Amino acid sequence: MNIDVPYTSFLDIDGNLKEGAPQLSHDDLKTIYWHMNLGRICNAKILSMQKQGRIGTYASTLGQEGCQAALAHAIKDNDNIWLVPSFRESVATIARGYPMEQLMRYWGGFEIGSNQTREFKVMPVNIPIASQLNHAAGIAISMKFKGEKGAAIGFVGDGGTSEGEFAEAMNFVGEFKAPAVFVCQNNQYAISVPRKKQTAASTIAQKATAFGFEGVQVDGNDVFACYKIIKDAIEKAMNGGGPTFVEAITYRLDNHTTADDWHKYRTEEEVNEWKKKDPIERLKKHMMQIGCWDDQHEQHMLEDAKKKVEEAAKAYEGTPKPKVEEIFDHLYAKLPYHIQEQKDHFVKFWGGQ
Amino acid sequence: MTERNMVQALNNAFFIAMERDPTVITYGEDVGVDGGVFRVTDGLQAKFGDQRSFDSPLAEAGIVGSAIGMAVNGLKPVVEMQFSGFIYPAFQQIVSHAARLRNRTRGDITIPLVIRSPYGGGINALEHHSESLEALYVHIPGLKVVIPSSPYDAKGLLIAAIEDPDPVLFLEPKRLYRAVKQEVPDDYYTIPLGQAKVMKEGKDITIIAWGGMVPVAEDAISQVKAECELIDLRTIDPWDKKTIIDSVKKTGKCIIIHEATKTGGFGAEIAATLQEECIFNLDAPVARVTAPDVIVPYFKAEHYYRPNADMLVKKINELLNF
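Residues numbered from 1 in each chain as written. Chains lettered and ligands numbered in written order. Predicted model: local features only at pLDDT ≥ 70, side-chain atom pairs only at ≥ 80, totals over all residues.

## Some details on the overall build of chain A
- On a plain count of helices and strands, chain A comes out with 15 helices and 8 strands.
- Rg of the C-alpha trace for chain A: 21 Å, near the compact-globule value of 20 Å for 353 residues, within the 12% margin.
- By the burial criterion, 49% of the 353 residues in chain A qualify as buried. (Helix = DSSP H or I, 4+ residues; strand = E, 2+ residues; numbered from the N terminus. Rg over C-alpha atoms; globule rule 2.2 N^0.38 Å. Buried ≥ 20, exposed ≤ 12 C-beta atoms within 10 Å, placed from the backbone.)

Set out below in structure tokens:
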């Protein structure tokens, strides 16, 4: 059966903009374009460091930069908004200011990569699928109860919407009419399982209907559409209108993680079709059409982004190795005596390294 | 001073904690209007409003997961899992998030959260209502596990758990909810987590119990001639090793009684620690009186399963004659 949900797309693959698109200034477009490119270059750097054994298993964001950069731009700098990511939201978190070297540290095996969450209101990367949405629900409900103006934006993938915790979180934000925006990055695959095998529901967005709030689809590779839909959802949430569920239709151009090989479960042809819808290329074409971008801008921007990524990589490479004490020091506010004994033993064994 | 049973003492602890700290809230299934199926949260909604004591949807992962989010945003949630047999959907939130967030953010995010749940058997309950699985949670670094056995302790330990900056699983022996009344001060007090209580001093044998087994041990001790030292562990994790070792050094003999099944039960940890730390003080093997390693029988056969005073008396006599 079909449940109608609205679908929004303004920018076609040739960079032409349809009527009704949100007003975005040249500066707005340049900022979004910058974050998409910065995210892509950072992503490529992390992948290259992973191949060299300098970083651990990593989940690439290639192809999914559009929705994430537009979402970050839809948040005003001073807004009391928490991002609650899954693990493929590096672009959104970088665009919200979370330092790239910190993300590199996270994926490089350092817990300290996650120690600036409060400063940037970005929760740490969340691996157990969909469980993060309940944290977003709790943040949003507490904002409502405390009378804070704000919102929580929780991310989930298409596969994540099959989890029980997805249903529980959706039900919580619906029941409490909480200021939450849940964004499903439907990138068509949960590792190898395609969207069509994930659920009999004709859209993922329609799942919101059962929880009593609005679900919408958006072209996830169109920054104009994503910006408008997310901005509207944030404003609605912050003005007491309750949650919105956004299904951003996009595509993971890369492997699930560096431990995966997509050739096992999909064709080159399919991937090439989606490359034509690349969010960065689409916006670039548009910006060139309207005369706010040219090859020289592009070259300067890429050089600048590469420089910033290299600086972040250098900072990451300079991260001191963790000391053995550190595996004990943040377990509790005060370490219980029996773990203190174990700490003393391990520190002695490892020579206080 | 007022005579209170454990439910009333816990309820009183809530009134005091919520009065003292406006960030303390409580919610769960039937917690708000109904005051909880055991009435532990009775009257809180009327007093503190429906944004500090409220009913949640019937969703355990959602309850604990949202409480983690609320803790991130500055609240101190005390959530109820209606019965410990229903915690499992929330297990992911407890293990992967509540217990981990401080460590994985290097102290940037802390989770001052209390998860309360009635546990244990002995009340002819439905299936899935009688388990004693405290050892599961002891195995999770970053979490604390508290089990009171008296109204006085229940109040002081609950307030301490609420004030604790880290997540605490607070298991309430439902067999003892209304079993006895005791003088419980009306005012604020806490009992530090991690401190056992010597309930009765003795020189012959150390008996260690917690929760629903404490009255069983008291009953058994009253039936034997030996002078038993009874210790109520009160906090299972972190446990008060020193009090127990000091006692065993004095008595030379030790029995642990727990309602949980034997293999991998917390008694095994205590026994292992005693042989590590004071083997030359032991005059007999450390003994355990526990449930057998079987599924909790439905209530027509539960009496075979749940340790009782006769079982402990028999074990005390065996050890005395060792």
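## Things to note about the interface of chain B and chain A
- Facing the 34 residues of chain B at the interface are 34 residues of chain A.
- No other element matches helix α3 (residues 60-72) of chain B, which puts 9 residues into the side of chain B that touches chain A.
- When the residues that make up the side of chain B that touches chain A are grouped by side-chain class, the tally is 13 nonpolar, 15 polar and 6 charged. (Contact = placed C-beta atoms within 7 Å. Nonpolar A, V, L, I, M, F, W, Y, C, P; charged D, E, K, R; others polar.)

## Some details on helix α6 (residues 131-146) of chain A
Residues and elements named next belong to chain A.
- Helix length check: α6, at 16 residues, gives a terminal C-alpha distance of 23 Å against a target of 22 Å (1.5 Å per residue), a fit within 8%.
- Burial analysis of α6 places 14 of its 16 residues in the buried class, which makes it a mostly covered element.
- Following α6 by one or two positions, Gly147 adopts a phi angle in the positive range, close to 75 degrees. (Expected span 1.5 Å × (residues − 1).)

## Regarding the packing of helix α4 (residues 100-107) of chain A against helix α13 (residues 295-317) of chain A
All names here are of chain A.
- Where α4 meets α13, the closest approach of the two axes is 8 Å, and the angle between their N-to-C directions is 50 degrees. By the angle class used here, α4 and α13 are oblique. In this structure, α4 meets α13 at a crossing whose hand is right-handed. Contact residues: α4 offers Met100, Glu101, Met104 and Arg105, while α13 offers Val309, Ala312, Ala313, Ala315 and Tyr316.
- Tallied by class, residues from the contact of α4 with α13 come to 7 nonpolar, no polar and 2 charged. (Axes fitted to C-alpha atoms, helices over the stretch in contact; angles between N-to-C directions. Parallel < 35°, antiparallel > 145°, perpendicular 65-115°, else oblique. Left-handed = near helix turned anticlockwise from the far one by under 90°.)

## Section: the sheet that holds strand β11 (residues 228-232) of chain B
Residues and elements named next belong to chain B.
- Strand order in the open sheet made by the 5 strands is β9-β11-β10-β13-β14, with mixed pairing throughout. The sheet terminates laterally at β9 (197-200) and β14 (287-291), the two strands that pair on one side only. This sheet shows a mean twist of 25 degrees between the axes of neighbouring strands, independent of strand direction.
- Here helix α10 (residues 266-278) sits on the sheet in contact with β10 (205-209), β13 (254-261) and β14, set at roughly 155 degrees to β13. (Pairing = 2+ DSSP bridges.)

## Focus on the environment of Leu274 of chain B
Residues and elements named next belong to chain B.
- For Leu274, the position within the fold is in helix α10.
- A C-alpha to C-alpha distance of 8.9 Å links Leu274 and Lys241, two positions 33 residues apart in sequence.
- Every residue in contact with Leu274, bar those within four places of it in the chain, is listed here: Val248, Cys254, Leu282 and Val286.

## Describing the environment of Thr57 of chain A
All names here are of chain A.
- Along the chain, Thr57 falls in the loop between α1 (26-51) and α2 (65-74).
- For the pair Thr57 and Ile46, spaced 11 residues apart in sequence, the C-alpha to C-alpha distance is 9.8 Å.
- Residues in contact with Thr57, not counting those within four places in the same chain, are Thr257, Thr258 and Ala259.

## Here's the deal with the environment of Leu29 of chain A
Residue and element names in this part refer to chain A.
- Locating Leu29 in the fold gives a position in helix α1.
- Accessibility expressed as a C-beta count within 10 Å gives 21 for Leu29, which makes it buried.
- It is 37 Å that separates the C-alpha atoms of Leu29 and Lys264, two residues lying 235 residues apart in sequence.

## Description of the sheet that holds strand β7 (residues 168-173) of chain B
Residues and elements named next belong to chain B.
- Here we have 7 strands laid out as an open sheet, ordered β3-β2-β4-β5-β7-β6-β12, and mixed in their pairing. Edge positions in the open sheet fall to β3 (53-55) and β12 (235-237), since each of these has one partner strand only. Direction aside, neighbouring strands of the sheet carry axes that sit 20 degrees apart on average.
- Inspection of the sheet shows strand β5 (residues 114-119) paired to β7 by 6 bridges, in the parallel sense. Counted as the bridge partner of Arg116 is Phe170 from β7.
- In this fold α3 packs onto β2 (24-28), β4 (76-80) and β5, with an angle of close to 170 degrees to the strand it touches most, β4.

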